[in-house]
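Reading the structure
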Amino acid sequence: MSHLIELLYPSMLETLYMVFVSVFFTILLGLPLGIILVITDKNHIVPIPWLNNILSYIINITRSLPFLILMIFIIPFTRLIVGTTIGTTAAIIPLIIAATPFFARVVETSIKEVDWGVVEASISMGATPIQIILKVLIPEVLPSLVLGITITIINILGYSAMAGVVGGGGLGDLAIRYGYHRFQKDVMIATVILLVILVQLIQSTGNKIAQIINKK
Amino acid sequence: MIEIKNLSKIYSKSNHKVVALKNINLSIAKGDIYGIIGLSGAGKSSLIRCINRLEEPTDGDIWINGVNIVKLENKELRTARKNISMIFQNFNLFSSKTVFENIAFPLRLIKTPNSIIKEKVNELLKLVELTDKANVYPAQLSGGQKQRVGIARSLASDPDVLLCDEATSALDPKTTKQILSLLKNINEKLGLTIVIITHEMEVIKEICNRVAILEDGCIVEEGPTLDVFTSPESYVTRNLINQDQLLPNEYLKGKVLTLSFTEKSVGEPIISRIVKKFNVEINILYGKIEYIQHKPIGKLTVQINVNDDVLKNIILFSEKNHVQVEVLNQ
Ligand SMILES: Nc1ncnc2c1ncn2[C@@H]1O[C@H](COP(=O)(O)OP(=O)(O)OP(=O)(O)O)[C@@H](O)[C@H]1O
Ligand SMILES: [Mg+2]
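Just so it is clear, the model here is predicted, and its values are computed rather than measured. (Residues numbered from 1 in each chain as written. Chains lettered and ligands numbered in written order. Predicted model: local features only at pLDDT ≥ 70, side-chain atom pairs only at ≥ 80, totals over all residues. Heavy atoms only, no water.)

Thoughts on the interface of chain B and chain A
Opposite the 22 residues of chain B that make contact, chain A presents 20 residues. For chain B, the biggest contributors to the area lost against chain A are Arg78(B), Ser95(B) and Leu109(B); these three give 26% of the whole. Scanning the region where chain B abuts chain A turns up 1 salt bridge. Across the pair Glu120(A) and Arg49(B) runs a salt bridge, and its minimum N-O distance is 2.6 Å. The tally of links from chain B across to chain A stands at 7 residue pairs in polar contact (both at pLDDT 80 or more). For the side of chain B that touches chain A, the elements supplying multiple residues, two or more each, are helix 2 (74–81), strand 6 (84–88) and helix 3 (99–109) of chain B. (Contact = heavy atoms within 4.5 Å. Buried area = accessible area lost by both parts, 1.4 Å probe. Salt bridge = Lys/Arg side-chain N within 4 Å of Asp/Glu carboxyl O. Polar contact = N/O pair within 3.5 Å; in protein donor to acceptor, adjacent residues only side chain to side chain. Helix = DSSP H or I, 4+ residues; strand = E, 2+ residues; numbered from the N terminus.)

If you want it as structure tokens, here you go:
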């Protein structure tokens, strides 16, 4: 048992580290990207159709690559950013690049839920585009955004299991090394249980928060 | 106050065009409660939404307090909009904000200090009688309460003009009356100019001192509500006014007239005078009393069998005695 914990504990920390940092940057990049996708539409508050088209195109391309392939494909870019191509930190870059377009689409879908009448009301009160984004669009869909973030975290957790490929470590890597290559079933099972618990925890926390802030 | 000059609005979608407004000219005075009525698709929403440029006018000018709204750039337009508030059919409240924060919103946009916001919002809550709902979210309010929040929110920036786009269409008749009397009250208390778009004659009758009738993107008639009601000039207007008194066709034989009795003519035995003076028989088909801005107008629809010359004289005689005549059938 203690041998299991000794194995699981550092892997778990690696996973949490990868997921946490990736989620942070994914939100940082994906939220504005998703908002820009909505507001630059030709019928929205800052119509810039060409920008909208380009962004949409790039996002679609990125999203059509399987994570494993994306991770290898962007190795030169990863080296440029973090100085190395292996290790936990190196795994974070592809995680962010894979999750950001996904999250941007999630944000886009959420923000589009805002009733246009409410946006018009804000316009009629003389709100600037920035004010509309910060004081209307985001607050109005916050519960849905929280659920979107929840899904994104779980997605990133899933991707992070593949990070073993670039020596990223983490729970997925552990399961492959011990459970698969060394036939240690107990490690495999413990990892799976841990991942299931993690996902459940994230989802139920997300649901709870969304429920509390939902005023509709 | 508001001068609309040669306003046109054309919606162009790829290859086909919809002309929603054709060369509209309107003049709305300070303190007016100005009603614009028309059937669905007449262009009412297009017209009112051009006034604060939620829709871009295709052509024409809109002067408000000496400023041509059509010519303003983004920043100046935003400033001007603080002076032109709007309330909506679907209320358009912020579901994520409390009643208090909804009303405070226009003040937060201009970074008003909290102490002033508190004072102002509480004052507005009192005005719309929702003080006890300050910390409630819109989802917990009835339609009438939501619209009162909408009204309070629209007043927060101390506007000169209030635009109402079908503001009572989602409400039941009783709640509609309450909202209209609130608007009237605000109009009197704050001297606010109110523009009301509606397809309901009741709304116009209840509070508008002037009315314009819109048909197919054109104004077909315009004037003081009382005048338009007692002597409508256009067919469209007559239809709108008489929505509730469609006579069966078999009664529309001979000359059918509707006589409108206003304050000046009640108490005069006009009908019996006509009978004596012209030696005719009058058959009364329908009668009712309407209230226009709380002033009673008696309406009597009658049938007379006379020739055109006598009819003309009867009309002249009636109008001399302050009875307006509308010929329904001749
Ligand atoms: N965004 C738009 N794009 C294209 N055509 C439009 C648009 N908005 C309105 N129209 C057209 O312009 C005309 C006038 O519409 P408008 O909404 O102003 O009428 P309305 O009098 O407000 O009608 P209702 O009582 O049904 O609200 C209609 O023929 C309508 O189809
Ligand atoms: Mg309309």
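As for the site of ligand 1
Residue and element names in this part refer to chain B. Around ligand 1 lies a shell of 13 residues, among which Ser40, Gly41, Lys44, Ser45 and Ser46 are the nearest. Residue Ser40 places a side-chain N or O atom 2.5 Å away from an oxygen atom belonging to ligand 1. Gly43 places a main-chain nitrogen or oxygen 2.9 Å from an oxygen atom of ligand 1. Computed on the free molecule, ligand 1 has an accessible area of 630 Å², of which 63% lies beneath the protein chains in the complex. (Near = heavy atom within 4 Å. Areas by Shrake-Rupley, 256 points an atom, 1.4 Å probe, with all protein chains shown as cover.)

Remarks on the confidence of the model for chain B
All names here are of chain B. In this model, chain B carries an average pLDDT of 89, and 98% of its residues clear a pLDDT of 70 or more. The spread of mean pLDDT over the elements of chain B runs between helix 9 (residues 235–241), the lowest at 77, and helix 3, the highest at 96. Across the predicted assembly, pTM comes out at 0.87 and ipTM at 0.89. (pLDDT = per-residue confidence, 0-100.)

Some remarks on the sheet that holds strand 8 (residues 193–198) of chain B
Residue and element names in this part refer to chain B. Strands sit in the order 6-7-8-3-9-10 across an open sheet of 6 strands; the sheet is mixed. The sheet terminates laterally at strand 6 and strand 10 (218–224), the two strands that pair on one side only. Neighbour to neighbour, the strand axes of the sheet diverge by 15 degrees on average, direction disregarded. Across 5 bridges, strand 6 lies against strand 7 (residues 161–165) in parallel orientation. Bridge pairing in strand 7 links Phe88 to Asp165. (Pairing = 2+ DSSP bridges. Axes fitted to C-alpha atoms, helices over the stretch in contact; angles between N-to-C directions.)

Focus: the packing of helix 1 (residues 2–39) of chain A against helix 7 (residues 129–160) of chain A
Helix-helix packing: each pair is described by the crossing angle between the helix axes and the interaxial distance. Residues and elements named next belong to chain A. Close contact between helix 1 and helix 7 brings their axes to 9 Å; oriented N to C, the two are set at 140 degrees. Taken as axis vectors, helix 1 and helix 7 run oblique relative to one another. Between helix 1 and helix 7 lies a crossing of right-handed hand. Residues Thr15, Met18, Val19, Ser22, Val23, Thr26, Ile27, Leu31, Ile35 and Ile39 of helix 1 lie in contact with helix 7, whose contacting residues are Ile133, Leu137, Ile138, Leu145, Ile149, Thr152, Ile153, Ile156, Leu157 and Ser160. For the contact of helix 1 with helix 7, a count of residues per class yields 15 nonpolar, 5 polar and no charged. (Parallel < 35°, antiparallel > 145°, perpendicular 65-115°, else oblique. Left-handed = near helix turned anticlockwise from the far one by under 90°. Nonpolar A, V, L, I, M, F, W, Y, C, P; charged D, E, K, R; others polar.)

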